[in-house]
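Residue-level structure breakdown
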Amino acid sequence: MTNSPFPLEPTPAEAQAAIAEEFSFFGDWSERYQYLIDLGRKLPAFPEEWKTEEHRLLGCQSMVWIVPEGDADKLVFHAISDSAIVSGLIYLALRVYSGRSAAEILATDPDYVSAIGLAKHLSPTRSNGLAAMLAFIRDTAQAKQ
C-alpha cells in the first residue's frame, strides 16, 4: 500500500475546524472551488492497478476509486477521482476520516460539509457522490468494529 499523509490533525473535530477556518478565508464560491481543485492535487499517488471495478465507488457521476486498509484501531483510505473538484472533496473527507479508528469515524458526523457551505453549492450529482463516499467510509468502519 502507499503512504498516506492523513491524518493531518490529531482529531476529526480539529480537522473539521481547520477545514472550516481555511474555507472562511475565501469570499466567493469561485475561489472555494479553485481551493478544492488545489486540494485535490495534493492527494497521494493512486496506483493504476487499483483503478478497477472492485474499487470503484458507485453513486458518483465521476469516476471515483477508493481502497480501505487497516483494522478497527486505524483505518486508512486511499482514493482518487477523474474530476478535479471531486478529488478536492475526497481530500476533505480523507482529512477528516483517514488514519482514524473505526470508533472515531462512526462518532464523527461530516459537519464540515454544511459548515463550509458545500451542501448548498454542489450539484445534485456531486452531492450524491459525496454522500456515497461518506457512506462507504462509515460502512467500512462499521464492518471493522
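Whatever comes next refers back to the structure up there.
All of the points below concern the structure found in this document. Predicted model only: the values in this text are computed from it and were never measured.

Description of the overall build of the protein
Looking only at helices and strands, the protein has 7 helices and 2 strands in total. Sequence-ordered secondary structure for the protein, helices as α and strands as β, is α-α-β-β-α-α-α-α-α. Scaling as 2.2 N^0.38, a compact globule of 145 residues should have a C-alpha radius of gyration of about 15 Å, and the protein matches this with 14 Å. The C-alpha extent of the protein, read off along each of the three principal axes, is 40 × 30 × 25 Å. Looking at the protein as a whole, 48% of its 145 residues qualify as buried. In the protein, once contacts between residues fewer than 6 apart in sequence are set aside, the share between residues at least 24 apart is 66%.

Details of unusual backbone geometry
The bulk of non-glycine residues show a negative phi, and the bulk of peptide bonds are trans. Of note, the bond from phenylalanine 6 into proline 7 is cis; its omega dihedral lies within 30 degrees of zero at 5°. Relative to the helices and strands, proline 7 resides in the segment before α1 (12-24).

Notes on α1
Its 13 residues give α1 an end-to-end C-alpha distance of 18 Å, which sits within 8% of 18 Å, the value for a rise of 1.5 Å per residue. For α1, the set of buried residues is Pro12, Ala15, Gln16, Ala18, Ile19 and Phe23. Along α1, the residues classed as buried sweep out an arc of 160° about the axis, all on the same side. Those residues of α1 that are exposed and aimed more than 90 degrees away from the buried face are Ala13 and Glu21. The secondary structure elements touched by the buried residues of α1 are α2 (29-40), α3 (84-97), α4 (102-106) and α5 (112-115).

Topic: the nonpolar core
Counting residues in each nonpolar core, the largest one holds 46 residues, and the members touching the most others are Leu92, Tyr112, Leu118 and Leu130. Within the residue set of this core, elements represented by two or more residues are α1, α2, β1 (64-71), β2 (74-81), α3, α4, α5 and α7 (124-144). Residue contributions to this core peak at 10 residues, all from α3. If we skip the residues at most four places from it in the chain, leucine 118 touches Trp29, Leu36, Leu89, Leu92, Tyr112, Val113 and Leu130.

Cut-off values and rules
- Numbers given for residues are sequential positions, taken from 1 along each chain in its written order.
- For a predicted model such as this one, the threshold for reporting local features is a pLDDT of at least 70, and the threshold for listing and counting side-chain atom pairs is 80 or more; totals across whole chains, interfaces and linings nevertheless cover every residue.
- With hydrogens and water excluded, all non-hydrogen atoms of the structure serve as input to the side-chain values.
- Helix and strand assignments follow DSSP, with helices taken as H or I runs no shorter than four residues and strands as E runs no shorter than two, numbered in order from the N terminus.
- Throughout, radius of gyration means the C-alpha value; the globule benchmark is 2.2 Å times the number of residues raised to the power 0.38.
- Burial classification: accessible surface area is computed with a 1.4 Å probe over protein chains only, and a residue below 20% of its type maximum counts as buried, one above 50% as exposed, and the rest as partly exposed.
- The criterion used for residue contact is that any of the two residues' heavy atoms lie within 4.5 Å.
- The span expected for a helix works out to 1.5 Å for each residue beyond the first.
- The arc refers to the directions leading from the helix axis to the C-beta atoms.
- For this analysis, a nonpolar core means a set of buried residues of the types Ala, Val, Leu, Ile, Met, Phe, Trp, Tyr and Cys, connected via side-chain atoms within 4.5 Å.

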